[in-house]
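What follows is the residue order along each chain.
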Amino acid sequence: MHIDVDQTLRWSGEMTCIRYHEPTGTFLIIAIDSTARGPASGGTRAMTYENVGSAIADARRLAGAMTLKMAAADLPMGGGKSVLALPRPRHQLSADEWKRILHFHAANLELLNGSYTTGPDVGTSSADMDVLGRTTKHVFGRSTAQGGAGSSAEATARGVHASIRAGLAETGRSSLAGTTVLVQGLGAVGARLCELLAEAGAELLVTDVHPERCASAVALGARTVDPGRVTSIECHVFAPCATGGLINSETARTLPVAVVAGAANNVLADAGAAHVLAEREIVYAPDFVANSGGAIHLVGREVLGWTAETVSERTEAIEDTLRTIFADARTRGITTEQAAIDLAHARLAAA
Ligand code: NAI
Ligand code: PHE
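Here the residue index of a chain counts from 1 through its sequence in written order. Chain letters and ligand numbers both follow the written order, the letters beginning at A and the numbers at 1. Side-chain atom pairs in this predicted model are given and counted only at pLDDT of 80 or more, local residue features only at pLDDT of at least 70, and totals for whole chains, interfaces and linings cover all residues. For side-chain calculations, the full set of non-hydrogen atoms in the structure is used, while hydrogens and water are omitted.

1. Structural notes on the site of ligand 1
Note on terminology: near, applied to a residue and a molecule or strand, indicates that one of the residue's heavy atoms is within 4 Å of it. By nearness alone, 23 residues border ligand 1, and Ser-152, Thr-156, Asp-208, Arg-213 and Ala-242 come closest of all. Taking Ser-152, its side chain carries an N or O atom lying 2.7 Å from an oxygen atom of ligand 1. Between Ala-188 and ligand 1, the recorded distance is 3.0 Å, taken from a backbone N or O atom to an oxygen atom. Each accessible area is a Shrake-Rupley estimate made with a 1.4 Å probe; only the visible protein chains count as cover when residues are assessed. Here ligand 1 loses 82% of its free accessible area of 830 Å² to cover by the protein chains. Helix and strand assignments follow DSSP, with helices taken as H or I runs no shorter than four residues and strands as E runs no shorter than two, numbered in order from the N terminus. Elements supplying a minimum of two residues to the shell around ligand 1: helix H5 (153-170) and helix H6 (188-199). Class assignment of the residues belonging to the shell around ligand 1 gives a composition of ten nonpolar, eight polar and five charged. Pairs of N or O atoms are called polar contacts if they sit within 3.5 Å, as long as, within protein, a hydrogen donor faces a hydrogen acceptor (for residues adjacent in sequence, only side-chain-to-side-chain pairs). Each residue gets one of three labels, nonpolar for Ala, Val, Leu, Ile, Met, Phe, Trp, Tyr, Cys and Pro, charged for Asp, Glu, Lys and Arg, and polar for the others, Gly among them.

Here it is, written out as structure tokens:
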């Protein structure tokens, strides 16, 4: 496998920490993209990668998205991300191996001394944050029993729900009733999103690479679809809630939907995809705005001392933020992605 080292190193973020944990064969990457608005924060993603170059690239891209997310949500934090590039899928690691990896991660968080605070992401949970929290205080999303804000999935799902409402309004629809929504990825966020959508009267199509995870949505009346066909299924809304990188310029050309709004980070795989979606008048809710409910919950509760009600109000306000972004994109003839980036950059420039 050839890795373009120059390309890998070309990044304008503030810092990348790369460590190798020999006993388990795990690479740990912590990317700090920006501390302009405050200490960096972003979750810990634990999964396998094709090679360490891909893991570094993923950590940096995700850290950049966190910078935009914090700024667009007007939270006083910067952007960062951790990647634990595992030697085998997590479920194949022994409990002891996983514990050692988390201890290694916690020790590195201590070394960074608060310039970066982690939290849950794909492959990690509040229970894992509790383990990190025994060694370091630079961790959000510990269980409520341990004094943390608990899982961010509920707020993320509510924020995505608000984003879907904003997207549909942009297409002239005033309600979710009677619309068909395809939810990809029935994990913590996707499963809860399905409940909210079903309550609002949407018809659900669902898919997951672990089909058993669709059971709770099927019990709500959802129909399952083949995970390999997600970009070719006709529906009003596509809500990607698995891993990102699904929509590129090619798939955007034929995507048979009116709105894209989901929880996955880095949904767009290349710079051209947002333009193709805009040309086809598909409303795209930029991921770092649509999925900011989790950050609002964690930072709101643990840094800003917000009540659950304030978190809820700020999460529902994602709908207004997106309506402003959509209007700005229309007025200036730019993509919704660009309008959201401009909003975030204006706040970063003011910091
Ligand atoms: P999760 O790990 O609980 O769920 C992800 C689900 O997607 C799993 O059930 C998995 O089997 C499924 N999946 C993976 N690849 C798939 C594929 N190709 N096709 C269909 N299903 C697939 O993760 P969670 O917490 O629900 O997060 C979902 C996404 O939202 C992630 O990209 C995460 O980074 C993002 N996100 C999550 C936040 C949170 O508060 N949990 C906050 C902001 C973003
Ligand atoms: N990983 C989630 C996200 O991408 C939640 C999170 C937000 C974790 C902020 C840490 C800090 O938004």
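2. Side note on the site of ligand 2
Taken together, the neighbourhood of ligand 2 is formed by 13 residues, with Ser-41, Lys-69, Pro-120, Asp-121 and Asn-265 sitting nearest. In the model, an oxygen atom of ligand 2 is placed 2.7 Å from a nitrogen or oxygen of the Lys-69 side chain. Contacts to ligand 2 include Asp-121, whose side-chain N or O atom sits 2.7 Å from a nitrogen atom. Protein burial of ligand 2: of its 320 Å² of free accessible surface, 94% is covered by the chains. Broken down by secondary-structure element, the contributors of at least two residues to the shell around ligand 2 are helix H2 (52-72) and helix H11 (293-302). Element by element, the count of residues in the shell around ligand 2 is highest for H2, at three residues. Partitioning the shell around ligand 2 into residue classes produces five nonpolar, five polar and three charged.

3. A word on the sheet that holds strand S9 (residues 223-224)
Strands pair, by our definition, only if DSSP identifies at least two bridges between them. A sheet is described by the order of its strands in space; here six strands give the open sequence S9-S8-S7-S10-S11-S12, paired in parallel fashion. Lying at the two open borders of the sheet, with one neighbouring strand each, are S9 and strand S12 (283-284). Running over the sheet, H5 touches strand S7 (180-184), strand S10 (237-240), strand S11 (259-260) and S12 and is turned about 150° from S10. Contacts are residue-level and defined by heavy atoms, with any inter-residue pair within 4.5 Å sufficient. A fitted line through C-alpha atoms represents every axis, and for helices the fit uses only the stretch in contact; the resulting angles, taken between N-to-C directions, go from 0 to 180 degrees.

4. A few points about the packing of helix H12 (residues 308-316) against helix H13 (residues 318-332)
Put simply, H12 and H13 touch, their axes get as near as 4 Å, and they point 25° apart. Classified by the interaxial angle, the pair formed by H12 and H13 is roughly parallel. Seen from H12, the contacting residues are Arg-314, Thr-315 and Glu-316; seen from H13, they are Ile-318, Glu-319 and Asp-320. Split by residue class, the contact of H12 with H13 holds one nonpolar, one polar and four charged. For this classification, under 35 degrees means roughly parallel, over 145 means roughly antiparallel, 65 to 115 means roughly perpendicular, and everything else is oblique.

5. Quick word on the side chain of Ser-163
Residue placement: Ser-163 occurs in helix H5. For Ser-163, the contacting residues outside a window of four places in its chain are Ala-261, Ala-285, Ala-290, Ile-318 and Leu-322.

6. A look at helix H4 (residues 126-133)
Within H4, six of the eight residues are buried, which leaves the element mostly enclosed by the surrounding structure. Buried residues of H4: Ser-126, Asp-128, Met-129, Asp-130, Val-131 and Leu-132, and no others. Where H4 is buried, its residues touch helix H3 (95-112). Any residue under 20% of the maximum accessible area for its type is buried, any over 50% is exposed, and the rest in between are partly exposed; the area is computed with a 1.4 Å probe on protein chains only.

7. Side note on the pattern of salt bridges
We count a salt bridge whenever a side-chain nitrogen from Lys or Arg sits within 4 Å of a carboxyl oxygen from Asp or Glu. Tallied over the full model, the rule gives 19 salt bridges. Here Arg-165 ties to Glu-319 by a salt bridge, and the two come within 2.9 Å at their closest N and O atoms. With Arg-165 in helix H5 and Glu-319 in helix H13, this residue pair connects regions lying 154 residues apart in the sequence. Ionic pairing is found between Glu-170 and Arg-330, a salt bridge with its closest N-O pair at 2.7 Å. On the criterion of sequence distance, the pair formed by Glu-170 in helix H5 and Arg-330 in helix H13 is long-range, its members being 160 residues apart. On the basis of relative accessibility, which here comes to 56%, the residue Arg-330 falls in the exposed class. Beyond isolated ion pairs, a larger network of salt bridges with shared partners links Arg-45, Asp-58, Arg-61, Lys-81 and Asp-121.

8. Some words on the nonpolar core
Counting residues in each nonpolar core, the largest one holds 58 residues, and the members touching the most others are Ile-164, Val-181, Val-183, Leu-193 and Leu-197. Per-element accounting of this core gives the leading share, six residues, to H5. Beyond its immediate chain neighbours, meaning those up to four positions away, Val-181 contacts Ile-164, Leu-176, Leu-197, Ala-202, Glu-203, Leu-204, Leu-205, Val-237 and Ala-239. As used here, the term nonpolar core means buried Ala, Val, Leu, Ile, Met, Phe, Trp, Tyr and Cys residues forming a set that is joined through side-chain atoms within 4.5 Å.

9. Remarks on the pairing of S10
Taking every second residue as pointing to the same face, both faces of S10 are buried, with Val-237 and Ala-239 on one and Phe-238 and Pro-240 on the other. In this structure, S7 lies alongside S10, joined through four bridges in parallel fashion. Following the sheet pairing, Gln-184 is matched in S10 by Pro-240. A crossover counts as right-handed when, viewed with the strands pointing away from the observer, the path leading from the first strand over the helix to the second turns clockwise. With helix H8 (residues 249-254) bridging S10 and the parallel S11, this β-α-β connection has right-handed handedness.

10. Topic: the pairing of strand S5 (residues 78-85)
Within S5, eight of the eight residues are buried, leaving the element largely enclosed by the surrounding structure. Along S5, one buried face is formed by Gly-78, Gly-80, Ser-82 and Leu-84 and the opposite face, lined by Gly-79, Lys-81, Val-83 and Ala-85, is buried too. Where strand S2 (residues 26-34) and S5 come together, seven bridges link them in antiparallel fashion. Residue pairing in the sheet places Ala-31 in a bridge with Lys-81 of S5. Bridge count for strand S3 (residues 40-41) against S5 is two bridges, and the pairing is parallel.

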